[in-house]
Amino acid sequence: MSKIFGDHAERYTSLAENSGPNAHYERPAILRLAGDVAGKQILELGSAGGGLTEQLFAAGAEVVGLDHDPRLVEIARKRLGARARFETADLNEPLTMVPSASADLVVASLVLHYVADWGPLLAELRRCLKPGGALVFSIHHPITGWLRSDRADYHRVELISEDWDWNGVTVTGQMYRRPVSAVFAALLEAGFAIDAVEEPQPTSGMEDAKLAEVLRTKPVFLFVRAVR
C-alpha cells in the first residue's frame, strides 16, 4: 500500500473526515449497508485516523481497527483512546491479531483496491467473521479504474495511478483496478454470498453543487455487502 497516507497523515485524516465525497457520499453508504451495529463486534480495515471508527462506536459497536500505516494508527489511538482498539496490519499477510469467528461485521472503506490478490485476504476475513457475519466494503468503481488504465485489456487486474488534490497538495496514489466480474468472482470463490450492491447518490447535505453533479452523473465508488 502507498506510503502517501502516512507521509500526509494529518492532512489525509482531515480530508477523509470532512471532504464532500467522504462525508456526504462514501461514509453514509457504508453506514447504511452496515445497518444496526449496536452491540456488534466490528473489524475495520483501513481505519486511518479513526473517523469512521468513531461513528461506529457512537452507534454502539465495539471496533478493532487495522491500518497499514503506524502514523495513522497513532492518530486513531489518540482520538479514541480506550473506546476502540487499533493495530498496525498488512492486509497482504495473515491477520494473526484477530481471533477466528470474532467479528459480526468487517468494514473496509476504500481500502481493498490497494490489495492485488483478494483471495488470501478474503479467506482471512471469512475466518475472522462469525457464521452469518457480513463484509461491507467500498472500492473505486471498476469503470473509473478502466478509464484510468491504458485500456489494453479490460479483463486483467492492474496497477493504475491517480492524482488527488489534498487541500492544496497534489499527491499521486496507486491502486489496483479489476473488472466487475473479478470483484464478485473473488467473493463467491471465498464462500461469500452477495447481499447488496450499490452505486449511491450523494446525500442532500452536500453543499458543493459541482461535486454533487459529478457524483450523480459518473461512476465513482462501488459498494458491496457480502455475507459469510
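Residues numbered from 1 in each chain as written. Predicted model: local features only at pLDDT ≥ 70, side-chain atom pairs only at ≥ 80, totals over all residues. Heavy atoms only, no water.

K.L.:
Honestly, the overall build of the protein chain in this entry has me stumped. Any pointers?
P.N.:
A tally of helices and strands in the protein chain yields 9 helices and 9 strands. Rg of the C-alpha trace for the protein chain: 17 Å, near the compact-globule value of 17 Å for 228 residues, within the 12% margin. The buried share of the protein chain, taken over its 228 residues, is 48%. Looking at the protein chain as shown, the accessible area adds up to about 10500 Å², and 51% of this sits on carbon and sulfur atoms. (Helix = DSSP H or I, 4+ residues; strand = E, 2+ residues; numbered from the N terminus. Rg over C-alpha atoms; globule rule 2.2 N^0.38 Å. Buried < 20%, exposed > 50% of the residue type's maximum accessible area, 1.4 Å probe, protein only. Areas by Shrake-Rupley, 256 points an atom, 1.4 Å probe, with all protein chains shown as cover.)

K.L.:
Explain the pairing of strand 1 (residues 41–45) to me, please; I cannot follow it from the model alone.
P.N.:
For strand 1, the buried fraction is high: 4 of the 5 residues fall into the buried class. Here 5 bridges tie strand 1 to strand 2 (residues 62–67), and the two strands are oriented parallel to one another. Paired with I42 across the two strands is V63, which belongs to strand 2. With helix 4 (residues 51–58) bridging strand 1 and its parallel neighbour strand 2, the resulting β-α-β unit is right-handed. Here strand 1 pairs with strand 4 (residues 103–109) via 4 bridges, running parallel. (Pairing = 2+ DSSP bridges. Right-handed = clockwise from strand over helix to strand, strands pointing away.)

K.L.:
Please explain the side chain of S109 as it appears in this structure.
P.N.:
Along the chain, the position of S109 falls in strand 4. Accessibility expressed as a relative area gives 16% for S109, which makes it buried. Looking at S109, its side chain comes within polar contact range of the side chain of E26, at 2.7 Å. Dropping the residues within four chain positions of it, S109 is found in contact with E26, I30, L45, L52 and S138. (Polar contact = N/O pair within 3.5 Å; in protein donor to acceptor, adjacent residues only side chain to side chain. Contact = heavy atoms within 4.5 Å.)

K.L.:
Please clarify how the packing of aromatic side chains should be interpreted in this entry.
P.N.:
The way to describe two aromatic rings as a pair is by their centre distance and the angle between their planes. Applying the stated rule across the entire model yields 4 aromatic pairs. Ring geometry for W146 against Y154: centres 6.5 Å apart, planes inclined by 80 degrees, an arrangement best described as edge-to-face. Its relative accessible area of 30% is what places Y154 among the partly exposed residues. Three or more aromatic residues joined by ring pairs make a cluster, and in this case those are Y25, F221 and F223. Over the aromatic face of W146 sits the side chain of R151, whose NZ or CZ is 5.4 Å from the ring centroid. (Phe/Tyr/Trp six-rings, centres within 6.5 Å; stacked < 30°, edge-to-face > 60°. Lys NZ or Arg CZ within 6 Å of the ring centre and 35° of its normal.)

K.L.:
How should I be thinking about helix 5 (residues 70–80) in this particular structure?
P.N.:
Think of an α-helix as turning once every 3.6 residues; residues three or four places apart then point the same way. By the burial criterion, the buried members of helix 5 are L72, V73, I75, A76 and L80. All buried residues of helix 5 project into a common sector of 160 degrees when viewed along the axis, lining one side. The exposed residues of helix 5 that point more than 90 degrees off its buried face are P70 and K78. The N-cap of helix 5, judged by a side-chain oxygen 2.9 Å from the amide nitrogen of R71 a few residues on, is D69. Two residues or fewer past helix 5, G81 is found with a positive phi of approximately 55 degrees. (Arc of directions from axis to C-beta.)

K.L.:
Please explain the pairing of strand 3 (residues 85–88) as it appears in this structure.
P.N.:
For strand 2 and strand 3, the ladder comprises 4 bridges, and the chain directions are parallel. Residue pairing in the sheet places V64 in a bridge with R85 of strand 3. In the classification by handedness, the crossover that spans strand 2, the intervening helix 5 and the parallel strand 3 is right-handed.

K.L.:
Whenever I open this one, the environment of A108 confuses me. Can you help?
P.N.:
Residue placement: A108 occurs in strand 4. When the C-alpha atoms of A108 and E44 are compared, they prove to be 5.9 Å apart, with 64 residues separating the residues in sequence. Ignoring sequence-local partners within four residues, the contact set of A108 consists of L45, V136, F137 and S138.

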